[in-house]
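Architecture and fold: a report
Listed here are the chains, written in short residue letters.
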Amino acid sequence: MARFTDEDDALLAELGVEIEETRQGSRTPREERIIAGFEEIQRFTDENGRPPQHGETRDIFERLYAVRLDRLRHLVECREILAPFDRQGLLTDGSAPPIATEVDELDDDALLAELGMEASPSSGITELRHVRSAEEKRAAEDIANRDRCEDFDRFKPLFEQVQREIESGERKTRPFELKAEIRPGAWFIVGGQKAYVAEAGETFTNAQGRTDARLRVIFDNGTESNLLMRSLQRALNKDEAGRRITEPVAGPLFSGDQAEDDEASGTIYVLRSKSDHPMVSANRDLVHKIGATNLDVEQRIAGARLQPTFLMADVEILATYRLFNISRVRLENLIHRVFDPARLEIEIMDRFGRPVVPREWFLVPVFVVDEAVEKIKDGTITEYVYDPGSASLKRRD
């Protein structure tokens, strides 16, 4: 019986087949590797409802699985080993007849050519261009592992609205940067699909000593994924077409356009704090200041680190809404009443050591503030109140 060479082991490793140490049992290490590689193809088929396929538009790992499946179908030795495990009929689905070529006789360069990849002339199979690391592969698999979103009807209007705002120029798509924040309410484009971060679990420190969190990400095709924040970050960073979708630049409140005789009343703003206060740090994606000013917002937040109303820390502007022909103070009070159930109770020491309790900070996602503004525009906001339990606006009883 033929045996694997070191080059074959390296090839199998690049194809994602685990190389195991020799162990006692009825199967050889080579047979175990062949079975493990086939099981990966089976998992892909279970998750996607079809076998892996060839094509330039396919994910590179799907293409790898497709090439591997072709080889397994056509090699008599592999078919004999895998026949008892072929619950999906994958081995009998090929159109070409099986051949008796030994696995050892596979030509590495030919296989790489089929995948559209090149091997470095000086280094051989172990240094491949366009082949992702194990870390990148895990990130891709996290993105690919999706389930049907049972409550997609709740999110579909948001996707439609975001698309309209992109088309109108209210939102922009920007290349993803590592410093870009991934938080509930954020929008991205990854793998050619719009992705909405609907929820985030508690943050924790991963094995690399970095903060991480489990996310619920909704995609525009009606699926969702329960993936880690760092996995989404890696996928966006490695995706050349990966984008973040900016927050909308809101127009005048209560009117589509500013008329010549409209009188500017001010701006409603939503801010995020950069404070290191434990309560703020633990809930940074939810703790927001909602206020109003008749100044430029940048001017209003100047020197925020010296003001207790800004938690004695710098802040980040997340959204602004211009006001015309409306009482800025009355509107601010209205928004505060809606979100009063989620008002943040926090005590800050001012620069003189005196305790201060700011009143304009709330534990509420930014996208719910957007919903509240829309209901203010259509005049229905008085019918709603914020429900912290479901993180959504609910009709008043």
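Residues numbered from 1 in each chain as written. Predicted model: local features only at pLDDT ≥ 70, side-chain atom pairs only at ≥ 80, totals over all residues. Heavy atoms only, no water.

Let us now look at the overall build of the chain. The helix and strand tally for the chain stands at 12 helices and 19 strands. Taking contacts inside the chain between residues at least 6 apart in sequence as the whole, the part at least 24 apart equals 62%. Only carbon and sulfur atoms are counted for the fraction: they give 46% of the accessible area of the chain, which is about 21300 Å². (Helix = DSSP H or I, 4+ residues; strand = E, 2+ residues; numbered from the N terminus. Contact = heavy atoms within 4.5 Å. Areas by Shrake-Rupley, 256 points an atom, 1.4 Å probe, with all protein chains shown as cover.)

This part is about the layout of surface pockets. Put simply, the second largest pocket is a space of about 790 Å³. The set of elements that each furnish at least two residues to the lining of the second largest pocket consists of helix H7 (152–168), strand E6 (193–200), strand E8 (211–212), helix H8 (229–238) and helix H9 (278–282). (1 Å grid on protein atoms, 1.4 Å probe; cavity = no way out; pocket = protein on both sides within 12 Å on 5 of 7 lines; lining within 4 Å. Points joined across faces, edges and corners; volume = space filled by probe spheres on them.)

Counting across every chain of the model gives 18 salt bridges. Put simply, Arg354 and Asp350 hold a salt bridge, and the shortest N to O gap is 3.0 Å. Through salt bridges with shared partners, a single ionic network connects Asp151, Arg154, Glu199, Arg216 and Glu224. (Salt bridge = Lys/Arg side-chain N within 4 Å of Asp/Glu carboxyl O.)

So, about empty space enclosed by the protein. The probe, sized like a water molecule, is rolled over the atoms to show the empty space still left. For the coordinates displayed, the defined rule picks out three cavities of 30 Å³ or more. When its volume is computed, the second largest cavity comes out at roughly 130 Å³. If you go around the second largest cavity, you meet 13 residues; those closest to its centre are Leu158, Arg171, Trp187, Phe367 and Asp370. Counting residues per element, the ones that place at least two in the lining of the second largest cavity are H7 and helix H12 (366–377). A class-by-class count of the residues in the lining of the second largest cavity yields six nonpolar, two polar and five charged. (Nonpolar A, V, L, I, M, F, W, Y, C, P; charged D, E, K, R; others polar.)

Within this structure, the stated rule accounts for eight aromatic pairs. Their ring planes at 55 degrees and their centres at 6.4 Å tell us that Phe339 and Phe362 sit as a pair that is tilted. In this pair, Phe339 sits in the loop between helix H11 (328–338) and strand E15 (348–349) while Phe362 sits in strand E17 (residues 361–363), placing the two residues 23 residues apart along the sequence. Grouped by ring-pair contacts, the aromatic residues Phe152, Phe155, Phe159, Trp187, Tyr196 and Phe367 constitute a single cluster. Over the face of the ring belonging to Phe310 we find Lys289, whose NZ or CZ atom lies 5.2 Å from the ring centre. (Phe/Tyr/Trp six-rings, centres within 6.5 Å; stacked < 30°, edge-to-face > 60°. Lys NZ or Arg CZ within 6 Å of the ring centre and 35° of its normal.)

To continue, consider the pairing of strand E5 (residues 187–190). Alternating residues of E5 divide into Trp187 and Ile189 and Phe188 and Val190, and every residue in both groups is buried. Linking two consecutive strands that pair antiparallel, namely E5 and E6, is a turn of two residues; a positive phi of about 60 degrees is found at Gly191 within it. With three bridges joining them, E5 and strand E11 (residues 243–245) adopt antiparallel strand pairing. Among the inter-strand pairings, Trp187 is bridged to a residue of E11, identified as Ile245. (Buried < 20%, exposed > 50% of the residue type's maximum accessible area, 1.4 Å probe, protein only. Pairing = 2+ DSSP bridges.)

Take the pairing of strand E9 (residues 215–219) next. Judged by how many residues are buried, E9 sits mostly within the fold: five of five residues are covered. Neither face of E9 is open: one carries Leu215, Val217 and Phe219, the other Arg216 and Ile218, and all of them are buried. Inspection of the sheet shows E6 paired to E9 by five bridges, in the antiparallel sense. By the bridge assignment for E9, Ala200 is matched with Leu215. Judged from the two bridges that link them, E9 and strand E10 (residues 223–225) form a sheet pairing that is antiparallel.

The phi angle at Leu311 is positive, at roughly 65 degrees, despite the residue not being glycine. Residue Ala391 is not a glycine yet carries a positive backbone phi of 50 degrees.

Okay, the nonpolar core next. Residues Phe155, Tyr196, Ile268, Ile290, Phe339, Val364 and Leu393 are the most contacted members of the largest nonpolar core, which totals 39 residues. When residues of this core are assigned to their parent elements, the largest contribution, seven residues, is made by H12. Here Phe339 is in contact with Ile290, Phe362, Val364, Val368, Val369, Ala372, Tyr386 and Leu393, once residues within four sequence places are set aside. Membership of the second largest hydrophobic core comes to 15 residues, among which are Ile182, Val190, Val197 and Phe219. (Core = buried A, V, L, I, M, F, W, Y, C linked by side-chain atoms within 4.5 Å.)

This paragraph deals with the confidence of the model for the chain. Regions with low pLDDT should not have their predicted coordinates read in detail. Across the chain, the average pLDDT comes to 76, with 75% of residues at 70 or higher. Between residues 95–135, whose pLDDT stays under 50, and residues either more than four places distant or in other chains, the model counts 66 contacts. (pLDDT = per-residue confidence, 0-100.)

Turning to the packing of helix H2 (residues 29–48) against helix H3 (residues 60–74), a few remarks are in order. Axis separation between H2 and H3 bottoms out at 10 Å; the angle between their running directions is 125 degrees. Of the possible angle classes, the one that applies to H2 and H3 is oblique. Where H2 crosses over H3, the handedness of that crossing is left-handed. Facing Ile34, Gly37, Phe38, Glu40, Ile41 and Phe44 of H2, the residues of H3 in contact are Glu62, Tyr65, Arg68, Leu69 and Leu72. (Axes fitted to C-alpha atoms, helices over the stretch in contact; angles between N-to-C directions. Parallel < 35°, antiparallel > 145°, perpendicular 65-115°, else oblique. Left-handed = near helix turned anticlockwise from the far one by under 90°.)

Let us look at the sheet that holds strand E4 (residues 173–175). Taking strand neighbours across the sheet as the criterion, the seven strands line up as E3-E10-E9-E6-E5-E11-E4 in an open arrangement whose pairing is antiparallel. Here the strands that pair on one side only, and so sit at the sheet edges, are strand E3 (147–148) and E4. In terms of strand pairing, E5 meets E6 through four bridges, oriented antiparallel. In the strand pairing of E6, Ile189 is matched with Lys194. With respect to the sheet, H7 is in contact with E4, E5, E6, E9 and E11, its orientation differing from that of E6 by roughly 125 degrees. Running over the sheet, H8 touches E5, E6, E9 and E11 and is turned about 55 degrees from E5.

In a regular helix each residue adds 1.5 Å, so 17 residues correspond to 24 Å; H7 covers 24 Å between its end C-alpha atoms and thus fits that length. With its phi angle positive at about 90 degrees, Gly169 sits one or two positions after the end of H7. (Expected span 1.5 Å × (residues − 1).)

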